[in-house]
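# Structural overview
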Amino acid sequence: MSIPRSKGLHALQRWRSFGEDRAALARQLALRAVAEATAAVAAVQDRAQAASEQRLRLLQSPLLDLARLTASAGMEEAAWRQVQACQQRLKHAEDDALLAREQHETAHRMARAVAHRATRVVAIERDAAEKHVFDSLVELRGRLRGGPHD
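Not measured: the values here are computed from a predicted model. (Residues numbered from 1 in each chain as written. Predicted model: local features only at pLDDT ≥ 70, side-chain atom pairs only at ≥ 80, totals over all residues. Heavy atoms only, no water.)

### Structural notes on helix H2 (residues 66-145)
Stated formally: Helix numbers and strand numbers start at the N terminus; a helix is a DSSP run of H or I with at least 4 residues, a strand a run of E with at least 2. Each residue after the first adds 1.5 Å to the expected span of a helix.
The end-to-end C-alpha distance of H2 is 117 Å, a good match for the 118 Å that 80 residues give at a rise of 1.5 Å each. Once H2 ends, the next one or two residues include Gly 146, with phi positive near 100 degrees.

### Let's talk about the pattern of salt bridges
Any two side chains of opposite charge can pair, given that their charged atoms come close. Rules: Any Lys or Arg side-chain nitrogen found within 4 Å of a carboxyl oxygen on Asp or Glu counts as a salt bridge.
Tallied over the full model, the rule gives six salt bridges. Among the salt bridges present, the one from Glu 76 reaches Arg 55, with a minimum N-O distance of 2.3 Å. Of this pair, Glu 76 sits in helix H2 while Arg 55 sits in helix H1 (residues 5-60), placing them 21 residues apart in sequence. A salt bridge links Arg 101 to Glu 105; the shortest N-O distance between them is 3.2 Å. Taken together, the residues Arg 101 and Glu 105, both in helix H2 and four residues apart, mark about one turn of the helix.

### Section: the packing of H1 against H2
For clarity, the cut-off: Between N-to-C directions, angles cover 0 to 180 degrees, with each direction set by a line fitted to C-alpha atoms, over the stretch in contact for helices. Oblique is the label for every angle not falling under 35 degrees (roughly parallel), over 145 degrees (roughly antiparallel), or within 65 to 115 degrees (roughly perpendicular). Two helices crossing with the near one rotated counterclockwise from the far one by less than a right angle form a left-handed crossing, whereas a clockwise rotation gives a right-handed crossing. Residues were grouped as follows: Ala, Val, Leu, Ile, Met, Phe, Trp, Tyr, Cys and Pro as nonpolar; Asp, Glu, Lys and Arg as charged; and all remaining residues, including Gly, as polar.
Axis separation between H1 and H2 bottoms out at 6 Å; the angle between their running directions is 165 degrees. Of the possible angle classes, the one that applies to H1 and H2 is roughly antiparallel. Crossing angle aside, the handedness with which H1 passes H2 is left-handed. Class assignment for the residues of the contact of H1 with H2 results in 35 nonpolar, 16 polar and 13 charged.

### Quick notes on the environment of Ala 26
Here Ala 26 lies in helix H1. The spacing of Ala 26 and Ala 97 is 71 residues in sequence and 8.5 Å in space, taken between C-alpha atoms.

Here is the structure:
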């Protein structure tokens, strides 16, 4: 006896649903990474701004200490390099989030397509089974009367 097509479609539907769940999780993780990178950029920018303000205070002080000023300028430069690095990580996180969104949407569309196809195939199989039962009853009725019946 052959396996109904609906069983294969139901297996494919479960697999596609699993893929959609994985894509949704990847999307959530990517969005969380974007949020964390955004927070990191804000924190590093605050530190860089504080270093800039510290250097400005040293420049405005009545006694100019070149060693402290040089150290402060170095710290400020390092802080702004950190800001640039964090902004690059944020850009990569945003790109990853966009890719994860596209993959999730694709997985969702694929899962819906299989679900719709499975619904149609189940309806077709149900109709075929009803027709088979009806044809069998007609055939049995014809046999009881002693002749073919259409």
